[in-house]
Amino acid sequence: SSGESDAKARKRLERRALPIQRTKGSEILFGIAPCALALSQLRREPFRLFLKQSSGSRRLVMSEFVLQAMARGVPVHHVQRRELDALCRGQVHQGVCLEATPLRFKSLEEAEKPDLGDGESPNRQLIWLVLEQIQDPMNLGALLRSAYFLGVDRVVTSQRNSCPLTPTVSKASSGAMEVFDVYSTDNLQSFLKAKTAEGWEVVGTVSKPKDVENVPVISCLEFQWNKPIIVVIGSEGDGLSLETQLLCHRMLAIPPGRVLHPGIESLNVSVASGILLHSICSQRPRHSD
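Presented here is a report on the structure given in the accompanying data block. Since the model is a prediction, treat every value here as computed from it, not as a measurement.

## Things to note about the overall build of the chain
Part 1 of the reasoning: When its secondary structure is counted, the chain shows 11 helices and 12 strands.
Part 2 of the reasoning: When the 289 residues of the chain are sorted by exposure, 42% land in the buried category.
Part 3 of the reasoning: Long-range contacts, defined here as pairs at least 24 residues apart, represent 86% of the contacts in the chain between residues at least 6 apart.
Part 4 of the reasoning: With the model as given, the accessible surface of the chain reaches about 16,100 Å², and the carbon-plus-sulfur share is 52%.

Here you go:
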């Protein structure tokens, strides 16, 4: 009868359009690396794991996720691709979404406790990366990934006009955000002054050497250092603010490999940072850890 077929059609529609109710105060992480690391790190509270039924090469990955979720007592929901698409608003989820509490920046007060418990000597060549007003989540994620990979000891961001630690940042960092603490300060200048007073060198970065006043600019290839350093990276469009530039002891520039066409005279901020950090980090003795 038509009434029966109407009911069936309605059921089918309901099944298709059923939105997943979200836990209050949660966010949706997406992608294999962020979700796997969030489950293993215990820094977030996970609520539910959503997996796409997979065959072939992803099947093993998905069964690993099920085991990981079971170990932490997290319910697993097998859903269709379109439900995952809706959950993470069409981002590249690789068949995995995790509903969990957000990650926040740590305050610098937490950072000031000497954390030399893991065999670090106080005079070790420390490198901290400071980010002034990085607003693009893809750039922030890429910066965290490079900093983690290259051995930066700590990342500090300015609170004002900076991108928060969103799921997009975690995905762009390939999960590095899940294992690497990121600190935040509401007064970047007084933080840099305090570190200078403690004997750190503050090194700024600049794409066009002629833009800098009163601070010596050198090529990153010539830079040498013998005390703990802070590398300060400025925002995507404007670079470092003048107040911050004036607190830098030296500025580093990447020498271009050709005469540059006007209008294509700089690098993406995360790529530039990767090059600078590599040239700085490669000068220090290798860790055994």
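## A closer look at the pairing of strand β12 (residues 250–253)
Part 1 of the reasoning: Note: strand β9 (residues 201–205) against β12, three bridges, orientation parallel. Bridge pairing in β12 links Thr205 to Leu252.
Part 2 of the reasoning: For strand β10 (residues 217–219) and β12, the ladder comprises three bridges, and the chain directions are parallel. From the neighbouring strand, Val217 faces β12, where its bridge partner is Met251.

## Here we look at the nonpolar core
Part 1 of the reasoning: In terms of nonpolar packing, the biggest core is built from 30 residues, with Leu129 and Val155 touching the most fellow members.
Part 2 of the reasoning: For this core, the elements supplying multiple residues, two or more each, are β6 (127–131), α6 (137–150), β11 (229–233) and α11 (269–281).
Part 3 of the reasoning: No other element matches the five residues that α11 contributes to this core.
Part 4 of the reasoning: If near-sequence neighbours (up to four positions away) are discounted, Leu129 is found in contact with Ala147, Val152, Arg154, Val155, Val156, Val231, Ile233 and Leu277.
Part 5 of the reasoning: In terms of nonpolar packing, the next biggest core, distinct from the first, is built from 21 residues, Trp128, Trp200, Val206 and Val212 among them.

## A short note on unusual backbone geometry
Part 1 of the reasoning: Phi is positive for Leu42, close to 65°, though the residue is something other than glycine.
Part 2 of the reasoning: Using a relative accessible area of 61% as the deciding quantity, one classes Leu42 as exposed.

What counts, and where the lines are drawn
All chains use their own residue numbering, which begins from 1 and follows the written sequence. Residues qualify for local features only when their pLDDT is at least 70, as the model is predicted, and side-chain atom pairs are given and counted only at 80 or more; totals for whole chains, interfaces and linings, by contrast, use all residues. Just so you know, side-chain values use all the structure's heavy atoms and leave hydrogens and water out. A run of H or I in DSSP becomes a helix once it reaches four residues, and a run of E becomes a strand once it reaches two; helices and strands are each numbered from the N terminus. Each residue's exposure class comes from its accessible area (1.4 Å probe, protein chains only) as a fraction of the maximum for that residue type: buried when under 20%, exposed when over 50%, partly exposed otherwise. Residues are treated as being in contact if the distance between any of their heavy atoms lies within 4.5 Å. Each accessible area is a Shrake-Rupley result for a 1.4 Å probe, and residues are judged covered by the shown protein chains and nothing else. Here, any two strands with at least 2 DSSP bridges between them count as paired. To qualify as a nonpolar core, a set must consist of buried Ala, Val, Leu, Ile, Met, Phe, Trp, Tyr and Cys residues joined through side-chain atoms within 4.5 Å.

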